[in-house]
Amino acid sequence: MNEPLSAKRRLALAAAGAALLVVLATVLAPLSPQLRAYSRGLVFAVLAGLSIMAVAFLVALPLGALAASGPRVIDWVLRFACDMVGSLPTVFVAAVFWAGTSSSTSFVCGLGVLRGLEQAWLLRCEIVRLEAEDPDAVPRGLGRTPLVAFLRRRMSAALGPLFVSASFSVAWLTALDAAVTQAGLRPPNAFATWGVLLGAPDPSPFAALLAAGSVAWLTVALHALFRPPGVA
Amino acid sequence: MRAAIRRLFGIALTLIAVSVGMFWASASYARRAGNEHVSPFAAFPVFFNPHPSGVRDLALNAVQAIAHGGLPAVAARLSLARLGGAALPYVLPALDSLDPRSRERVALALTPVAVRMEVASSEELADGAQALLFWTRFWQDRAIDFRVASVRHLTTRLAERSIALRREDLIHVDTFALPTLIDALGRVETPDDVARVRRLNSVLAHITELPVACPPDASVADAQRLVEVWRDFWDLHGSEYTALDGPRRLAATFVETQYGKWLAAVLRGGLGRTQSGQRALDLVEQGLTTTSFLLFVGLGVGFPLGVVWTRFERRSHRLPTRVVSAIAGTALAAIPCATFVRMCAGPSAGLVSAILIVTITTAAWVSRHLARSTMSQSVSPIAAAFSVSAPLGATYPPFVLSAIVLVELIFQLPGLGRTAALSLAAGDVNAWMAASLSLASASLLLRHAADLIRPLTAQGDLASLP
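If you're wondering where the values come from, they're calculated on a predicted model, not measured in any experiment. (Residues numbered from 1 in each chain as written. Chains lettered and ligands numbered in written order. Predicted model: local features only at pLDDT ≥ 70, side-chain atom pairs only at ≥ 80, totals over all residues.)

Novice: Explanation requested: the overall build of chain B in the structure shown.
Specialist: Of the regular secondary structure elements, chain B holds 22 helices and zero strands. Within chain B, contacts between residues at least 6 apart in sequence are counted, and of these 72% link residues at least 24 apart. (Helix = DSSP H or I, 4+ residues; strand = E, 2+ residues; numbered from the N terminus. Contact = placed C-beta atoms within 7 Å.)

Have a look at this one:
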């Protein structure tokens, strides 16, 4: 009874919870304009958050592993890219992406790549640290050690920081959205999101409270969902 | 020593690359649909100008357009009148290559230039044949005056002392004298400099036909502003009055771009001027206090607090306490909590609330990362904090700087983040670049400081740390 849930069950529970939240918000939306705004924001937050995480993982996992254990040039390129991307508050990069992209999908994908670079660096650092602690490890051994062994031994142990970062994706997106709105950098024809509820000059307290509470809840849920093996 | 130089070189290289990226961001943002704020340099390419146009190209194009006639000739006549004396060394020798009708059309198009140069009246040049004869004789008599050395000599003498004849001599060469006149403005520090600027301004305003006046009682500050106006004019239009030959044409492919113009303004000092006329460097100095205060308090208090938090969570044997701690840490790291605080806080609590938010957010964010780092399962949180300083040093700056931008905007604090956001929205390139480059420098310094900590701790035994 006290055994922790398996990853599959946690994932299923999270998906069901998110779906329930979306359905509930859709059902409640017609009751008031504030609930409608909240509901539309929720749909965007869930879908965009999941897309950002998916794109970020796609970028981070191979890039982080290659930077840590592959050719040194990839490590150098990743470091330079992270230096570049990390030198600026992400809110400005997001504002430019949003203004420059024609659709929400490309905006979200752009943010996902940005997030992926950051997570790739976290993964790379964790793998390098684990390799330094392991006397049997071969430095930059990707290609010389079997891939399955590398994935099982090294990658699974190094995913902790990456998962923490991933769990903040929805909060990160909403914070960026709020800051972009607050700064007046939001495109006029942009999709209605929680950023409007949280970053508008005079937010409605009820809708803002609901949105901020949901962000916190989603973050906690994602944090609980992304638990790497062997971590309490 | 070698490592330090390499690191400094790396920082400089990254800052250059970041400045290119930020400039691209600013230009891209300004190009969005429905943008009302257009930079005066918007007509230039952003980074590379494959076909820079100097006075020779512009003048000869105008001559061709006027010779062909039609609608393009109207704009070409205006262009030729604006180019003025600077175009004459290319236009007048080219007249021989045109047919008689085209020659007369071009000669007539130069009438406004002759009037401005005070060498003829419009009545004298009303007829095409008369105008052609006038310009042919003018070039035979005055071609020798259109030499840089002689114009420089005239300008230097006017700058030293006011004599009406010197002023007339410069007006006779019209815009050909612009480069030397702009150069001669120099620095303004004394009343003598003010008098020099007044003399030069009189000629400049005449030949450019711009309504820029220097009153007789102008102060040093007034004269300095006037010089800035002329330098801005030259930054924008300088290439139109200069021949681009050889290496200068090659350099113009970079200089005659939006980025090149911004860099020129930076090299002139003060990081350029904002749309309101303020020096961008002053803007950075004003915002730096608030932002660095938020950053260092957030970092200095938030990071140790995060370590203590993780330590408390790890040592707690009660499951509910650990769960509540984890949930609180995760929820507090979600930056939109700033909105709650804004609702609760009064206007006077702005800075205090902002500091609290940045500190708590940092602490929560650090504690979550430490709690999930595999390192922290075996050694103390302090050792883990040092151990993970390199990856956190890479991801913390953009996170905390975004948080700082948000709180500065919400509480209307006069920091760099707010300045950068508002200037990006307003299309104020110099203010945006100054504020965002300062933020980038802070971020890079944080990253490299984190990198420096790691090798130091690697030499010691991490497990022995408390």
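Once you've had a look at it, read on.
Novice: What should I look at first to understand the overall build of chain A in this one?
Specialist: In terms of regular secondary structure, chain A is built from ten helices and zero strands. Starting at the N terminus and walking to the C terminus, you meet the elements of chain A as α-α-α-α-α-α-α-α-α-α. Within chain A, the proportion of its 232 residues that are buried is 49%. Contacts spanning at least 24 positions in sequence make up 73% of the contacts within chain A whose residues lie at least 6 apart. (Buried ≥ 20, exposed ≤ 12 C-beta atoms within 10 Å, placed from the backbone.)

Novice: Sorry, what's going on with the packing of helix α2 (residues 33–69) of chain A against helix α3 (residues 72–86) of chain A here?
Specialist: Pairs of packed helices are described in terms of their axes, by the angle between the two and the distance that separates them. Residues and elements named next belong to chain A. Running from amino to carboxyl end, α2 crosses α3 at an angle of 120°, the nearest separation of the two axes being 7 Å. Relative to α3, the element α2 is oriented oblique. Crossing geometry of α2 relative to α3 is assigned as left-handed. On α3, the residues touching L63, L66 and A67 of α2 are I74, D75 and L78. Residue composition of the contact of α2 with α3, by class: five nonpolar, no polar and one charged. (Axes fitted to C-alpha atoms, helices over the stretch in contact; angles between N-to-C directions. Parallel < 35°, antiparallel > 145°, perpendicular 65-115°, else oblique. Left-handed = near helix turned anticlockwise from the far one by under 90°. Nonpolar A, V, L, I, M, F, W, Y, C, P; charged D, E, K, R; others polar.)

Novice: Before we go on, may I ask you to explain helix α11 (residues 191–208) of chain B in this structure?
Specialist: In an α-helix there are 3.6 residues to a turn, and that puts residues three or four apart on one side. Residue and element names in this part refer to chain B. Here α11 is 18 residues long and its end C-alpha atoms lie 25 Å apart, about the 26 Å a rise of 1.5 Å per residue gives. Within the sequence span of α11, burial applies to V194, R196, V197, L200, N201, V203, L204, I207 and T208. Phi for E209, located one or two positions after α11, is positive at around 60°. (Expected span 1.5 Å × (residues − 1).)

Novice: Please explain the environment of K8 of chain A as it appears in this structure.
Specialist: Residues and elements named next belong to chain A. Position of K8 relative to the elements: it lies in helix α1 (residues 7–28). What makes K8 exposed here is the crowd of 8 C-beta atoms within 10 Å. Residues K8 and R115, 107 residues apart in the sequence, show an inter-C-alpha distance of 24 Å.

Novice: What should I look at first to understand the nonpolar core in this one?
Specialist: Across soluble globular proteins, you tend to see nonpolar side chains buried next to one another. Formed by 131 residues in total, the largest nonpolar core has its most connected members in A95, A179 and A211 of chain A. Top contributing element to this core by residue count: α2 of chain A, with 16 residues. Within the second largest apolar cluster, 56 residues are counted, among which are V113, L132, V203 and L226 of chain B. (Core = buried A, V, L, I, M, F, W, Y, C linked by C-beta atoms within 7 Å.)

Novice: Can you walk me through the environment of A363 of chain B in this structure?
Specialist: When you line up the elements, A363 of chain B lands in helix α18 (residues 350–372). Once residues within four sequence positions are removed from consideration, A363 of chain B is found in contact with G302, L305, G306 and W309 of chain B.

Novice: Can you walk me through the confidence of the model for chain B in this structure?
Specialist: Close reading of the predicted structure is inappropriate where its pLDDT is low. All names here are of chain B. Averaged over chain B, the pLDDT score is 79; the fraction of residues at 70 or greater is 83%. The weakest mean pLDDT in chain B belongs to helix α17 (residues 337–344) at 54; the strongest belongs to helix α10 (residues 178–185) at 89. Counted against residues more than four places away or in other chains, residues 456–466, with its pLDDT under 50, gives 14 contacts. For this predicted complex, the interface confidence comes out at an ipTM of 0.73, alongside a pTM of 0.75. (pLDDT = per-residue confidence, 0-100.)

Novice: Can you help me understand unusual backbone geometry in this one?
Specialist: Most peptide bonds take the trans configuration, and most residues that are not glycine carry a negative phi. All names here are of chain B. Phi angles above zero are rare outside glycine, and E118 is one such case at about 60°. With respect to the helices and strands, E118 occurs in the loop between α6 (111–116) and α7 (128–142). Exposure remark for E118: the 12 C-beta atoms within 10 Å place this residue in the exposed category. In this model, D174 sits at a positive phi of 55°, which is unusual for a non-glycine residue. Inspection of the secondary structure assignment puts D174 in the loop between α9 (164–173) and α10. Residue class for D174 comes out buried when judged on the 26 C-beta atoms lying within 10 Å of it.

Novice: It is not clear to me how the confidence of the model for chain A should be interpreted in this structure. Could you clarify?
Specialist: Residues at a pLDDT of 70 or more form 84% of chain A, whose mean pLDDT is 76. Taken element by element, chain A is modelled with least confidence in helix α6 (residues 147–158) of chain A, mean pLDDT 71, and with most confidence in α2 of chain A, mean pLDDT 85.

Novice: So what exactly am I meant to see when it comes to the environment of C109 of chain A here?
Specialist: Residue and element names in this part refer to chain A. By the secondary structure assignment, C109 is in helix α5 (residues 104–133). Residue C109 is classed as partly exposed on the basis of its 18 C-beta neighbours within 10 Å. C-alpha of C109 to C-alpha of M53: the two residues are 56 residues apart in sequence and 9.6 Å apart in space.

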